[in-house]
Amino acid sequence: MTDHVHDLNAVREATDRLLTAAGTLDNAAAARASRLPGWTRGHVLTHLARNADALVNVLEGRPMYASTEVRDADIESGAPRPLATQLDDLRTAAAHFLDATTAPADWNRTVTLRNGVTDTAANVPFRRLIEVELHHVDLGIGYDLEDLPAGFTAREIDFLAKRFSGHPDIPALRLVSADGGTWTSGRAEGEPLTVTGTAPALLGWLAGRRDGAELETGGAPRPVLPPL
């Protein structure tokens, strides 16, 4: 069972880590490229702020974003702002999200995210945690996949493995981490291809942050995963 209170505490801690790390940058560094193609660090920071706002919308029963076009335009317009403005915006939006979770609510209710995706409200804090942790890595400022909390990494591998389960373009997969974790994904039929590596390497591949070159497949071609 999802413990949304635990996840909210993790969101607070992860947000504090990110804000502290980003606070060491300057305007020039914030304008440089992030690890995400086509995005500067300013794009990443703005996206994180607007995602917090969007998840408040989700919890309060409104559409997550007015439209894809509005979402993208908000990120583009916010990306060039001075770093201090970026951090104030993110700090305020993150606090607003956490405040919204304190209202009396049925955490078992179904909520709607982007593109018609539905989930239970109790899973929204973990979805926010994913955004904060992975985009901290995307900033490229000294926080990498290997620095992520081990519990988060295992849970995110499980989340992504389930997301790709049944995908017609992905062969049956058996994912095995060096610490003994195992997951299945891809098509249900066929002999599964075993993909082995460290948990951070598996996460990087599933999340589109690494090409999977660190992983072992017994000589079989490594499947190409669709974008998230």
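Relevant structure appears above.
Quick notes on the rules
Residues numbered from 1 in each chain as written. Predicted model: local features only at pLDDT ≥ 70, side-chain atom pairs only at ≥ 80, totals over all residues. Heavy atoms only, no water. Helix = DSSP H or I, 4+ residues; strand = E, 2+ residues; numbered from the N terminus. Expected span 1.5 Å × (residues − 1). Buried < 20%, exposed > 50% of the residue type's maximum accessible area, 1.4 Å probe, protein only. Arc of directions from axis to C-beta. Contact = heavy atoms within 4.5 Å. Core = buried A, V, L, I, M, F, W, Y, C linked by side-chain atoms within 4.5 Å. Phe/Tyr/Trp six-rings, centres within 6.5 Å; stacked < 30°, edge-to-face > 60°. Pairing = 2+ DSSP bridges. Axes fitted to C-alpha atoms, helices over the stretch in contact; angles between N-to-C directions. Polar contact = N/O pair within 3.5 Å; in protein donor to acceptor, adjacent residues only side chain to side chain.

**A short note on helix α5 (residues 83-100)**
Move 1: Over its 18 residues, α5 runs 26 Å from end to end, which matches the ideal 26 Å to within 8%, given 1.5 Å per residue.
Move 2: Considered for burial, the residues of α5 that qualify are Leu83, Gln86, Leu87, Asp89, Leu90, Ala93, Ala94, Phe97, Leu98 and Ala100. The buried residues of α5 occupy an angular sector of 160° when the element is viewed end-on, so they sit on one face. Facing away from the buried side of α5 by over 90 degrees, the exposed positions are Ala84, Thr92 and Asp99.
Move 3: Taken together, the buried residues of α5 touch α1 (4-22), α2 (27-30), α3 (41-59), α4 (68-78) and α6 (124-138).

**A few points about the nonpolar core**
Side chains that are nonpolar tend, in soluble globular proteins, to be buried together.
Move 1: Among the nonpolar cores identified, the biggest contains 68 residues, and Phe97, Leu148, Leu175, Val195, Leu203, Trp205 and Leu206 are the most heavily contacted of them.
Move 2: Here this core gets ten residues from one element, more than from any other, and that element is α3.
Move 3: Once you skip the residues sitting within four places of it in the chain, Leu206 turns out to touch Ile157, Leu160, Phe164, Leu175, Leu225 and Leu228.

**Side note on the environment of Trp39**
Move 1: Summarising the element assignment, Trp39 is placed in the loop between α2 and α3.
Move 2: Placed 187 residues apart in sequence, Trp39 and Pro226 show a C-alpha to C-alpha distance of 20 Å.
Move 3: If we ignore the near neighbours within four places in the chain, the residues touching Trp39 are Ala33, Ser34, Val44, His47 and Ile75.

**Description of the packing of aromatic side chains**
Move 1: According to the stated counting rule, one finds two aromatic pairs in the structure shown.
Move 2: Here Phe126 and Phe152 contribute two aromatic rings whose centre-to-centre distance is 5.9 Å and whose plane-to-plane angle is 50°, an arrangement assigned as tilted. Placement of Phe126 in helix α6 and of Phe152 in helix α7 (residues 150-164) is noted, with a sequence separation of 26 residues between them.
Move 3: Classification of Phe126 by relative accessible area gives buried; the value is 5%.
Move 4: Each ring, one from Phe126 and one from Phe159, has its centre 6.2 Å from the other, and the planes form 70°; the classification is edge-to-face. Taken together, the residues Phe126 in helix α6 and Phe159 in helix α7 connect sequence positions 33 residues apart.
Move 5: Taken together, the ring pairs in this structure connect Phe126, Phe152 and Phe159 into an aromatic cluster.

**Considering the pairing of strand β4 (residues 182-185)**
Each regular strand shows side chains that alternate between the opposite faces of the sheet.
Move 1: Here β4 shows a clear split, with Trp183 and Ser185 buried on one side and none of Thr182 and Thr184 buried on the other.
Move 2: Alignment of strand β3 (residues 173-177) against β4, held across four bridges, turns out to be antiparallel. Across the sheet, the residue bridging to Leu175 is Trp183, located in β4.
Move 3: Taking the residues that link successive antiparallel strands as the turn, the β3-β4 hairpin has four residues, and the phi of Gly180 there is positive, at about 100°.

**Some details on the sheet that holds β3**
Move 1: What the three strands build is an open sheet, ordered β4-β3-β5; its pairing is mixed. In this open sheet, the two edge strands, each paired with only one partner strand, are β4 and β5 (193-197). Sheet twist, expressed as the average angle between the axes of neighbouring strands with direction ignored, equals 20°.
Move 2: In terms of strand pairing, β3 meets β5 through five bridges, oriented parallel.

**Some thoughts on the side chain of Thr40**
Move 1: When you line up the elements, Thr40 lands in the loop between α2 and α3.
Move 2: In this structure the side chain of Thr40 is engaged in a polar contact, spanning 2.9 Å, whose partner is the side chain of His43.
Move 3: Apart from residues lying up to four places away in sequence, Thr40 is in contact with Ala30, Ala31, Arg32, Ala33, Ser34 and Ala79.

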